[in-house]
Amino acid sequence: MLGALAMLAVTVVRPPNFVVIFADDLGYGDLSCYGNRDYRTPNLDRMAAEGVRFTNFYSASPGCSPSRAALLTGSYPVRVGVPQVLNPDSPTGLNPEESNLANTLKPLGYATACVGKWHLGVKNLMPTFQGFDTFYGLPYSNDMWPPNGASWPRLWLHKDREAVEEVKDLADQAELTGKYTRFATDFIRDHRDRPFLLYLAHSMPHVPIAASKRFAGKTGKGLYADTITELDWSVGEVLRTLKATGLDANTLVFFASDNGPWLPYGDHAGSSGGFREGKGTSFEGGFRVPGIFRWLGRIPKGQVRDEIVTTMDVLPTVSSLAGAKLSDVERDGVDVSDLLQGSSRRSVRPWFFYFWPGELQAVRSGDWKLHVPHKHRNQAQPAGQGGRSAGEVTASIELSLFDLAKDPGETTNLAGRNPEVVARLMRMIAIGRRELGDTLTGSKGSGVRPPGRVE
Ligand code: MG
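Since this is a predicted model, take the numbers as computed values, not measurements. (Residues numbered from 1 in each chain as written. Predicted model: local features only at pLDDT ≥ 70, side-chain atom pairs only at ≥ 80, totals over all residues. Heavy atoms only, no water.)

Where side chains of opposite charge bring their charged atoms close, a pairing between them can arise. On inspection of all chains with the given rule, the structure shows 27 salt bridges. Between Asp 45 and Arg 40 there is a salt bridge whose closest N-O contact spans 3.8 Å. Measuring nitrogen to oxygen at the nearest pair gives 2.2 Å for the salt bridge that ties Lys 106 to Asp 133. With Lys 106 in the loop between helix 4 (101-105) and strand 4 (111-117) and Asp 133 in the loop between strand 4 and strand 5 (134-138), this pair connects stretches of sequence that are 27 residues apart. Of the residues examined, Asp 133 reaches a relative accessible area of 34% and is grouped as partly exposed. Several salt bridges converge on common partners, so that one network encompasses Asp 24, Arg 68, Lys 117 and Asp 258. (Salt bridge = Lys/Arg side-chain N within 4 Å of Asp/Glu carboxyl O. Helix = DSSP H or I, 4+ residues; strand = E, 2+ residues; numbered from the N terminus. Buried < 20%, exposed > 50% of the residue type's maximum accessible area, 1.4 Å probe, protein only.)

A word on the coordination of the magnesium ion. Coordination sphere of the magnesium ion, protein contribution only: Asp 24 (OD), Asp 25 (OD), Cys 64 (SG), Asp 258 (OD), Asp 258 (OD) and Asn 259 (OD1), at 2.0 to 2.7 Å. Around the magnesium ion sit six donor atoms; with metal-centred angles ranging over 53 to 160 degrees, the donor geometry is irregular. Mapped onto the polypeptide sequence, the residues donating to the magnesium ion form the spacing pattern D-D-x38-C-x193-D-N. Judged on exposure class, the residue Asp 258 and its partner Asn 259 are both buried. (Donors = N, O, S within 2.8 Å, 3.2 Å for Na, K, Ca; no water. Tetrahedral: all angles 85-135°; square planar, octahedral: opposite > 155°, others 65-115°.)

Residues Phe 196, Leu 198, Phe 255 and Ile 292 are the most contacted members of the largest nonpolar core, which totals 49 residues. Counting residues per element, the ones that place at least two in this core are strand 1 (17-23), helix 2 (42-49), strand 4, strand 5, helix 6 (176-190), strand 8 (196-201), helix 7 (223-244) and strand 9 (251-257). Of the residues forming this core, the biggest block, eight residues, is contributed by helix 7. Discounting residues that sit within four places of it in the chain, Ile 292 has contacts with Leu 31, Cys 33, Tyr 34, Leu 44, Met 47, Ala 48, Val 52, Arg 53, Val 253, Phe 254 and Phe 255. The next biggest cluster of nonpolar side chains, apart from the first, holds 44 residues, and it includes Ala 102, Tyr 110, Ile 299 and Val 309. (Core = buried A, V, L, I, M, F, W, Y, C linked by side-chain atoms within 4.5 Å. Contact = heavy atoms within 4.5 Å.)

For the rest of this paragraph, the subject is the side chain of Asp 45. Looking at the element boundaries, Asp 45 is found in helix 2. The contact partners of Asp 45, leaving out residues within four places of it in the chain, are Ser 32, Cys 33 and Arg 40.

Structure below.
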């Protein structure tokens, strides 16, 4: 009897587990629950049906490193000093002094694992220096390797702080999703008796895309579809493991992508779902990504919500659900745990800034989106094939106001007809420049903090 009561007490006070799954360069239109009709993603579709799927969900950057900095710290990448994509020899990265998902949960007794792509700094800035107990994966993007140029160092899978296995060719790339998935599901099984954070950041479908033998050719729709199908299988393995370990009802699972599709790769790139442009731009195709949360019994099933929610909201939300205390430095995410649980609150954030990399290029408020004049990448025609990029040309956009509700493809500039809306959004841009800086205008932000330094 006493034993049973003690067990009950443990069950009641045990904080939830968190599984954060982050795909790389997966577009808004790449999942069947977001409208893809070329192939199916049954596990992600089920995850969405069992939880909440957001249709106005944003990554905080259209590039790999900054989007990860935002997810982990709950801040715009410019605020934490990681506005640009890092190279293997970059001297900076995520500052270990920033609060992040791992070092926030660890003091509460959480086991913390980073599996997959890190890309937030090398050496003393790697995951096990940032609050993660363990790391298994690549230190940066899977295309930063010798086949892409003699200047790249050889690419190694790391276990914690050691390089353990070289990724030499496409056959090795094809094993990454399976290897990450096995490590992740083992981690869940090994930590079934204590709270955990699993950050599973897939290398796929970033080029060079690859699918293992079991999935290559499976869809009949090409290698990109096969690669996504394997990622979907991986999500299914995670969900299956949570069920088998009895952790389903005590685990929040989150899925998103770091940025939109890398369109110049053509048949090796994903779909923006009809949004304009893709990765590396401030159009919706660069920033808008799938965002799915599932927690059986806590998040009402089958919700589709249209509030603006971002990857920056993950840290404040997770902290709130875990009962963790965040340091009181300024950050940009908001706690959306009430939205996940079915609240009817409508307005989550008054604006959302589109920075790329350090340029404040656009702002969204409600359904209005204002671009300030800036240069941007434009997909070259015809698109690349078979893993080759068609390259990018530079284009420019004038001051442009779009109504995203009526014109999600950002085609019709309404700035001339709506001067008062332009003025209101320009005031928000001015606030952003003052607080976060802007390399378009040479503004220094008063609220930016230094990056970590590689030693
Ligand atoms: Mg990416």
